[in-house]
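# A structural walkthrough
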Amino acid sequence: MAAADCSVRRVIVADDDDLVRMVVRTVLEAEGFIVDEAATGADAVAANARERADLVIIDAHMPGLPLSTSLADLVAARDNSGAPGIVVISGDLYRPTDASDPTVGFLAKPVDLRTLLDTVDLFAVHPVGNGNGAT
Amino acid sequence: MTAAPDPSPPLQPESLLRIAGRLAHVGGWSIDFSPLRTIWSGELAQLLGYPAGYSPDVATAEAMFPPLDRQRFSDAIDACIVTGEPFDLQAHIIDSAGDLRDIRMLGEAVLDEAGRVVRINGAFTDVTVQVAADDARARLEARLTMTLDSISDGIITLDNTWRITYANPSVAMTMGFDRDFLIGEDFFAVFPVGLGTEFAIEFKRALAEHTTVSVHDYFAPLKRWAEATAYPVDDGLAIYFRDVTDREVARRLLAESEERNAAQAALLDVATDAIVVRTLDDTITYWNHAAEVLYGWSAAEVLGSSKRDLLYPDPSAFDAASAILLVDGSWSGEIEHRHRDGRRIIVEGSWTLVRDEGGRPLSVFSVNSDITARRRIEEQNFRAQRMESIGTLASGIAHDLNNVLTPILISVQLLDRSERDESKRRILATVEASVKRGADMIRQVLSFAKGVDGKRVPVDIGDLLIDLRRMFGDTLPVTISVRMKAAPDLWTTRGDSTQLLQVLVNLVTNARDAMPSGGTLTITARNVVLTDESNVVSHLATPGKYIAIDVEDTGTGMPPDVLTKIFEPFFTTKTSGEGTGLGLATSLGIIRSHGGSLQAYSELRRGSRFQIHLPAISTDDQPAASEVRAADLDNASTMPRGANEMILVVDDEASIRQMTRQSLEAFGYRTLVASNGAEAIEVVESGGQQIDLILTDMTMPVMDGAATAAYFLRTHPTIPIIAASGLNANGGVARAAHSGVRNFLSKPYSTAELLLAVRAAIDADAQPDDTNDEVAHGDH
């Protein structure tokens, strides 16, 4: 019933490592997601501001904005349904203290394909204004 | 019966005279003047070697005298003829054999009625022997006088009235008089300053008591030290004086210097630095108390041995320093020494070349300060800083590596999804496994470098051990038998079970690797309460309730120098590629982050034991660790107390001696301590105190526990012995049991364990016949 473009699920992949962005894009596009890439926290926030995404996968260590600021901006930009969902991805063992918000997911690199897909499924939230609510 | 011999006819007076003449070597002679003839007695003829009855004519008789004496003889005869006076002549005569003899001739004129001399009668004596003796005496006297006159010591003789009968030049000079003047003078009249001195008192006693006296005293009037000996002689005293001022001054200087040396030696002995003196050929000649403490050898053991051989694991360092010392006269710097037990000691040495008066090198005086602890702290700080940098670097690299591995892992898994070719899928699986293994390694580095965060939820140690057993069930070689014993009512700790399991896996892996040819792996878990007093060996800061987990193997064990490093990051005994050297460092980090402790005990070729203490948490049916102290104090009143028994505590670790001693004394025992077996024997054998029990550590330098126990079991079988050891299965206890000790205490021990063991050992010993319990207890 909804318009075709409204039902499209959109993910922003923010990582300063080109290869990481590329492989995640490959996986998620294969799953039917539209993937936007960002190489900094500020780019990710801006991309979400242009068009609210279902999910932002954001690397914990990127040049520019500190993770806490990027996360605060993204959380502040959430709509009523809670979109975008947010997952922090990191080369460290544990979830950074900046990402203690329980509504934020965590992925430790190197990410297993299965874990990546499960986490995306769990945290992606379809924006209210973009279509028919939660996926 | 025999007939009595006939009495001999009585001797005639003439015969008697002849016999006397022969015995006394006296002959008779006479000269008749009308007619002129000579008559010799038979004795005279015999004396001069002529046949009896021989009488020469006058000319022949005169010719028997040498020319000078011939003249004197004929003068004496002439005088006698003219004056009729008798004569007494001493002369020489030549006997029949041609030998010169000393003779004495007495002559007396015989007158006729007209008063004319008609004959001379005389006696003749051979005085050769007397003359020779007189000559000898004269020579002796001359020599004696010359000697007495020439010696530098004083000789004086006094008669019974203190008159001087002889004074040699030395004594005359000392008294200040000409010696000729002194003879005949009263000694004290010419030398009044001598009165009232110790010398006068003693000389008077010598004369009065007729005894020999010796005096050694300062003679103030002359400002000299003198030594005098007075010998009583027939008519007074002979006194021998000697000026000993120089000797006395030297002796006093020596005594003062010895006193100073003793004071200095005492100072050297209280010095905290090791002071060693060695000769140039490297023989140790002095070794102060601090050196004994620092190096573990007593002075008696090392004096005479080579310092180079004794203290230097690397003699080239010693040789290099010695070379500089010989050139520059001194050397200072850091150098590595070796303790008796093999430990490395770093000292700051200051060596000086000692020279004799002629400037020739004599010996080397070394002062060595132990800076091992300081250096260790510096090294630890340095290592900590280095670790921090390495940690920062490693976590940066690990972070990047995870970024590198991410695309690989996901790509491989993506490819695997669509790949149908089995051989290609196997290749992909290999790549995936490798990536995951790499990721594991990175995780280890990160978990070490980042410190340990983790969950803090209640963890059941029993469950943890079940997980551990499951993990190792099939992977341990069959040559290793596993014993696992967990107390049924184990308390709970709070933490991250994954991390704790990681620690246990690490310890079990190490144990397995330490037993390449098999052995026994023992894992035990029990509850322990550590109080202030019982904090004996654990080094835990806080008293409380803990769960103790022991992982013990019967493997290769570790030498002390390895044991001290095993918790350092990147320290590994495994070959390159087999271990990261992070296992125990990470394990220690994890246990510490849980508020616990991890300790290691090891004995080479006997095995190792790792002990984990994890704090117990309060649950519904157990008090919190913080509540333990009050409860424990209540327990204190029920602990078995001593009855003033004397316990000898033998341990090389001062902190353990101290804590054990405090615990025992707090509970009614008296204590003595020793730091090794040899000292313990000295304490016991000195007999100063009756010892009621000996508590000995098993691992000690100089003389270990097994040897110590064996000695006492043999020499003092009535003194009970408790052996304490960190190792149970294969270590100290096994050896103690082998040596005959029946009481054991496992380290670390709590106060309660200590008191129970001590009480049990003393009581068991008091009642060798255990069927008689009640009687034996009757006096309590």
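Residues numbered from 1 in each chain as written. Chains lettered and ligands numbered in written order. Predicted model: local features only at pLDDT ≥ 70, side-chain atom pairs only at ≥ 80, totals over all residues. Heavy atoms only, no water.

### Some points on the overall build of chain B
Assigned secondary structure in chain B consists of 27 helices and 27 strands. In chain B, which comprises 780 residues, the share counted as buried stands at 41%. Summarising the internal contacts of chain B: among those between residues at least 6 apart in sequence, 57% fall at separations of at least 24. Accessible surface computed for chain B: about 41,700 Å², of which carbon and sulfur atoms make up 55%. (Helix = DSSP H or I, 4+ residues; strand = E, 2+ residues; numbered from the N terminus. Buried < 20%, exposed > 50% of the residue type's maximum accessible area, 1.4 Å probe, protein only. Contact = heavy atoms within 4.5 Å. Areas by Shrake-Rupley, 256 points an atom, 1.4 Å probe, with all protein chains shown as cover.)

### Section: the sheet that holds strand 5 (residues 104-108) of chain A
Residues and elements named next belong to chain A. Read from one edge of the open sheet, five strands run 2-1-3-4-5, paired in parallel fashion. Pairing within the sheet leaves two strands with one partner each, and these edge strands are strand 2 (34-38) and strand 5. Taken over all neighbouring pairs, the strand axes of this sheet differ in orientation by 20° on average, direction set aside. Together, strand 1 (10-14), strand 2 and strand 3 (55-59) form the strand contacts of helix 1 (residues 18-30), whose direction differs from that of strand 2 by roughly 165°. (Pairing = 2+ DSSP bridges. Axes fitted to C-alpha atoms, helices over the stretch in contact; angles between N-to-C directions.)

### Some remarks on the packing of aromatic side chains
What the rule picks out here adds up to 20 aromatic pairs over all chains. Ring centres of B:Phe187 and B:Phe191 lie 6.1 Å apart, and the angle between their planes is 45°; this geometry places the pair in the tilted category. The exposure classification of B:Phe187 matches that of B:Phe191, with both residues buried. Seen in terms of ring centroids, B:Phe191 and B:Phe219 are 6.1 Å apart; in terms of plane orientation they differ by 15°. Their pairing is stacked. Of this pair, B:Phe191 sits in the loop between helix 8 (187-190) and helix 9 (198-209) while B:Phe219 sits in strand 8 (residues 213-219); the two residues are 28 residues apart in sequence, bridging distant segments of the chain. On the accessibility criterion, B:Phe219 (8% relative accessible area) is buried. Each residue in the set B:Trp162, B:Phe187, B:Phe188, B:Phe191, B:Phe199, B:Phe203, B:Phe219 and B:Phe241 is aromatic and connected to the rest through ring pairs, giving one cluster. Sitting over the ring of A:Phe33, A:Arg9 keeps its end group 4.2 Å from the ring centre. Between B:Lys307 and the ring centre of B:Trp351, over which it is positioned, the NZ or CZ distance is 4.6 Å. (Phe/Tyr/Trp six-rings, centres within 6.5 Å; stacked < 30°, edge-to-face > 60°. Lys NZ or Arg CZ within 6 Å of the ring centre and 35° of its normal.)

### Description of a nonpolar patch on the surface
All names here are of chain B. Judged by side-chain polarity, Leu393, Ile397, Leu401, Val404, Ile408, Ile427 and Val431 come together as a nonpolar surface patch covering roughly 580 Å² of accessible area. Every element with two or more residues in the nonpolar patch is listed here: helix 15 (372-418) and helix 16 (422-449). A total of five residues in the nonpolar patch trace back to one element, the largest contributor, which is helix 15. Locating leucine 401 in the fold gives a position in helix 15. Accessibility expressed as a relative area gives 38% for leucine 401, which makes it partly exposed. (Patch = residues over 30% accessible without salt bridge, like charges linked within 9 Å, V, L, I, M, F, W, Y side chains within 5 Å. Salt bridge = Lys/Arg side-chain N within 4 Å of Asp/Glu carboxyl O.)

### Some words on the confidence of the model for chain B
Reading predicted coordinates in detail is not appropriate for stretches of low pLDDT. Residues and elements named next belong to chain B. Here chain B shows a mean pLDDT of 82. Residues at 70 or above account for 87%. Here residues 533-539 is modelled with pLDDT under 50, and outside its nearest four sequence neighbours on either side it reaches 26 contacts, counting other chains as well. Contacts from residues 769-780, a stretch scored under 50 in pLDDT, to residues over four places away or in other chains number three contacts. Among the prediction metrics, the complex's ipTM stands at 0.85, with pTM recorded as 0.40. (pLDDT = per-residue confidence, 0-100.)

### Things to note about the environment of B:Val482
All names here are of chain B. Among the structural elements, valine 482 can be located in strand 17 (residues 480-486). In sequence terms valine 482 and threonine 520 are 38 residues apart; their C-alpha atoms lie 5.9 Å from each other. For valine 482, the contacting residues outside a window of four places in its chain are Arg469, Leu476 and Leu521.

### Re the pairing of strand 3 of chain A
All names here are of chain A. Burial analysis of strand 3 places five of its five residues in the buried class, the great majority of the element. Because side chains alternate across strand 3, one face comprises the buried residues Leu55, Ile57 and Asp59, and the other comprises Val56 and Ile58, equally buried. Here strand 1 pairs with strand 3 via four bridges, running parallel. For alanine 14, the partnering residue across the bridge sits in strand 3 and is isoleucine 58. Across five bridges, the pairing between strand 3 and strand 4 (residues 85-90) is parallel.

### Focus on the pattern of salt bridges
Within the structure shown, the criterion is met by 47 salt bridges over all chains. One salt bridge in this structure joins B:Glu248 and B:Arg251, with 2.8 Å as the shortest N-O distance. Remark: B:Arg251 and B:Glu248 occur in helix 10 (residues 245-270); sequence separation between them is three residues, near one turn of the helix. Salt bridges sharing common partners tie together A:Asp18, A:Arg21, A:Arg25, A:Glu29 and A:Glu37.

### Quick word on the packing of helix 2 (residues 41-50) of chain A against helix 3 (residues 67-76) of chain A
Residues and elements named next belong to chain A. Relative orientation of the contacting elements helix 2 and helix 3 amounts to 5°, with a least axis distance of 9 Å. In this view, helix 2 runs roughly parallel relative to helix 3, as classed from their interaxial angle. Contacts from Gly41, Ala44, Val45 and Asn48 of helix 2 reach helix 3 at Ser70, Asp73 and Leu74. Residue composition of the contact of helix 2 with helix 3, grouped by class: three nonpolar, three polar and one charged. (Parallel < 35°, antiparallel > 145°, perpendicular 65-115°, else oblique. Nonpolar A, V, L, I, M, F, W, Y, C, P; charged D, E, K, R; others polar.)

### Some points on the interface of chain B and chain A
Tallying the contact residues gives 21 residues for chain B and 20 residues for chain A. For the pair chain B and chain A, the two sides together bury roughly 1,800 Å², of which 65% comes from carbon and sulfur. Viewed at the interface, chain A and chain B are joined by two salt bridges. Between B:Lys436 and A:Asp112 there is a salt bridge whose closest N-O contact spans 3.5 Å. One can count seven residue pairs in polar contact (both at pLDDT 80 or more) joining chain B with chain A. Breaking the side of chain B that touches chain A down by element, the ones donating at least two residues are helix 15 and helix 16 of chain B. Of the residues forming the side of chain B that touches chain A, the biggest block, 12 residues, is contributed by helix 15 of chain B. (Buried area = accessible area lost by both parts, 1.4 Å probe. Polar contact = N/O pair within 3.5 Å; in protein donor to acceptor, adjacent residues only side chain to side chain.)

### As for the side chain of B:Thr696
All names here are of chain B. Turning to its location among the elements, threonine 696 is positioned in strand 25 (residues 693-697). Among the residues examined, threonine 696 registers a relative accessible area of 1% and is labelled buried. Excluding residues that lie within four positions of it along the chain, threonine 696 makes contacts with Val650, Gly705, Ile721, Ile722, Ala723 and Ala724.

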